[in-house]
Structures are given as C-alpha cells and as structure tokens.
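# Close look at the chain arrangement
Here is what each chain is made of, one letter per residue.
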Amino acid sequence: MNTPMTCLLLCASLPVCAQSPYRPFPESNAGWVEVHGWLQPLMDCGDFEYISCTRPVYFGTDTVIGGTTYHRLLAHGLCYWQLIDASQWLPPWCTETTGYYAEPQYDFAYIRQDTSERKVYLFDVQADAEMLLYDFTIGIGPYPATYNNPFQGNVSVLAMDSTELNDGWHRTWVLGWGTGNFVDSAFCKVIEGVGGTYGVAAVLAPPFENG
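Residues numbered from 1 in each chain as written. Predicted model: local features only at pLDDT ≥ 70, side-chain atom pairs only at ≥ 80, totals over all residues. Heavy atoms only, no water.

Linking two cysteines covalently through their sulfur atoms gives a disulfide. For the coordinates displayed, the defined rule picks out one disulfide. What pairs with C53 in a disulfide is C79, and their sulfur atoms sit 2.0 Å apart. Measuring handedness by torsion sign, the sulfur bridge of C53 and C79 sits at about 110° and is right-handed. Linking C53 in strand β2 (residues 48-59) with C79 in strand β4 (residues 68-84), this pair joins segments that are 26 residues apart in sequence. On the accessibility criterion, C53 (0% relative accessible area) is buried. (Disulfide = S-S within 2.5 Å. Helix = DSSP H or I, 4+ residues; strand = E, 2+ residues; numbered from the N terminus. Buried < 20%, exposed > 50% of the residue type's maximum accessible area, 1.4 Å probe, protein only.)

In structure tokens:
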C-alpha cells in the first residue's frame, strides 16, 4: 500500500504527469465552506473588532453572459464579531462586546471550465470580462496573472505535490510569495478540482495584514 502512494507523490512532481487525466471542478451537487476572519480598527468601543464569517458556497442555476454559459455559484454567511481590548470604560452606547449577524444569499461567482485546456475561468462582473481563474497546466515557476492573482511576478509555484481527499488523489501546486529577497513559502495551495486553500476565488496573498 505504501508503494502506490509513493508513486503518486513522485508522479505529481514530474512533467510527464501533465498528461495524466484531468480532475475537473464539479459541475453540480458540490459545495465549499469558506471561513474568513479579520481584524478592523474601532473608534471608541475598543482597539479592534474581530470578525469571522462562515460562508457556504454552492451551485445555483446556470446563467448565460454574452452568449457564454457559466455556472452560477451562490453563497450566504453567518458572521461572529467580538470587541478586542475593550476592558476599559466604554461609552454607554457600547453595550455589547460580542454578537452574530447573517449575510443574505448572494451571487458569489460565475465560473466555467475548459477541460481540454485544463483551465477554469471566472466572469468578472466589475471588469465586464472573462478572466483566467486557475491554470492546471503550469509547473514550477512564476504563477500567471489570474483573477485571484493581481500580483504577477510576486507569486510563484515553489513545489508540486498531491493530497488525498474523499474522492482520491488531487494534484496540488504549493505557492510562495516573493518580493525582493523575501520569500514566504507554502502560504497557499491550489488543489486541482477544488481551488485555492484561501477559497475558491479569494485573492492569493499571504494572510498576515493582507486583507
């Protein structure tokens, strides 16, 4: 049992494996759960407010934009907030230190994939144009400009690996962030058929103080 596993791991790192079967994004009956947390400064109810939102992402009905059919992804959220460093005297209107709020359902993204190209595209509503989201043909080296990588030249594929999920092994691309002589390695992975470990469409950037 160890032997097949070793072969798969080696295979994921070799160029010859580029011809192995493409593991596509699901077309239906699938979902993602994304959790995003951040700090934001406050004025007079504490130093910071911590917010964490859990957002299920799931398929809606397909939609046609400019003659092209896209899968419509929907999302909603439940968010938790907490005041940080609010132990000193607070104004009378700062009566709550924690709480919850809901985000109503909204259109999360419009995606399509080309299984022959082994690429996934996203329609950017603000730019009114289709943009590359994931390219599963690339190897080690610079990560291309994509919808979720506006930092071309700073993000690179440092290694290729594989990870085992419920439906078998998936190829992974280990990303690193480099500016000048600084490299933040392995901050994010892109998983074939799943998306980035930061989220399906979230910007690829190191997490600390980067939004």
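Having seen it, we continue.
Let us now look at unusual backbone geometry. Its identity is not glycine, yet R118 carries a phi of approximately 60°, on the positive side. Tracing the sequence through the fold places R118 in the loop between β5 (98-114) and β6 (119-124). Overall, the relative accessible area of 11% leaves R118 in the buried class.

What follows covers the environment of I191. Here I191 shows up in strand β11 (residues 182-191). Put simply, I191 and Y134 are 57 residues apart on the chain and 9.8 Å apart in space, counted from C-alpha to C-alpha. Aside from chain neighbours lying at most four places away, what touches I191 is F136, T163, L165, H170, R171, T172 and T197. (Contact = heavy atoms within 4.5 Å.)

The next point concerns the pairing of β6. Taking burial as the measure, the six residues of β6 include five buried ones, the bulk of the element. Strand direction decides the pairing type here: β5 and β6, joined by four bridges, are antiparallel. Note on β6: the bridge partner recorded for I111 is L122. Linking two consecutive strands that pair antiparallel, namely β5 and β6, is a turn of four residues; a positive phi of about 60° is found at R118 within it. (Pairing = 2+ DSSP bridges.)

Applying the stated criterion across every chain, the model contains five salt bridges. Salt-bridge contacts for R112 lead to E130; the nearest nitrogen and oxygen are separated by 2.6 Å. Of this pair, R112 sits in strand β5 while E130 sits in strand β7 (residues 129-135); the two residues are 18 residues apart in sequence, bridging distant segments of the chain. Judged by relative accessible area, E130 falls into the partly exposed class, the value being 33%. In this structure, R171 and E192 form a salt bridge, with 2.8 Å as the shortest nitrogen-oxygen distance. In this pair, R171 sits in strand β10 (residues 168-179) while E192 sits in the loop between β11 and β12 (195-196), placing the two residues 21 residues apart along the sequence. Both residues of the pair, R171 and E192, count as buried. (Salt bridge = Lys/Arg side-chain N within 4 Å of Asp/Glu carboxyl O.)

Turning our attention to the confidence of the model for the protein. Predicted confidence across the protein gives a mean pLDDT of 84, with 84% of residues reaching 70 or more. Taken together, the stretch residues 1-19 has pLDDT below 50 and engages in 16 contacts with residues farther than four places along the chain or on a different chain. (pLDDT = per-residue confidence, 0-100.)

What follows deals with the nonpolar core. Membership of the largest hydrophobic core comes to 29 residues, with the highest contact counts inside it found for L73, I111, V120, Y134, F136, Y143 and L175. Sorting the residues of this core by element identifies β2, β4, β5, β6, β7, β9 (155-165), β10 and β11 as the ones contributing at least two each. If sequence neighbours within four positions are ignored, Y143 has contacts with L133, Y134, I138, N149, Q152, V155, S156, V157, L175, V190 and L204. (Core = buried A, V, L, I, M, F, W, Y, C linked by side-chain atoms within 4.5 Å.)

As a further point, take the packing of aromatic side chains. By the definition in use, this model includes ten aromatic pairs. Taking 6.1 Å as the distance between ring centres and 40° as the angle between the ring planes, the aromatic pair formed by W32 and F59 counts as tilted. Note that W32 is positioned in strand β1 (residues 31-41) and F59 in strand β2, a separation of 27 residues in sequence. Looking at F59, the relative accessible area reads 17%, which means it is buried. Taken together, the ring pairs in this structure connect Y22, F25, Y134, F136 and W173 into an aromatic cluster. (Phe/Tyr/Trp six-rings, centres within 6.5 Å; stacked < 30°, edge-to-face > 60°.)

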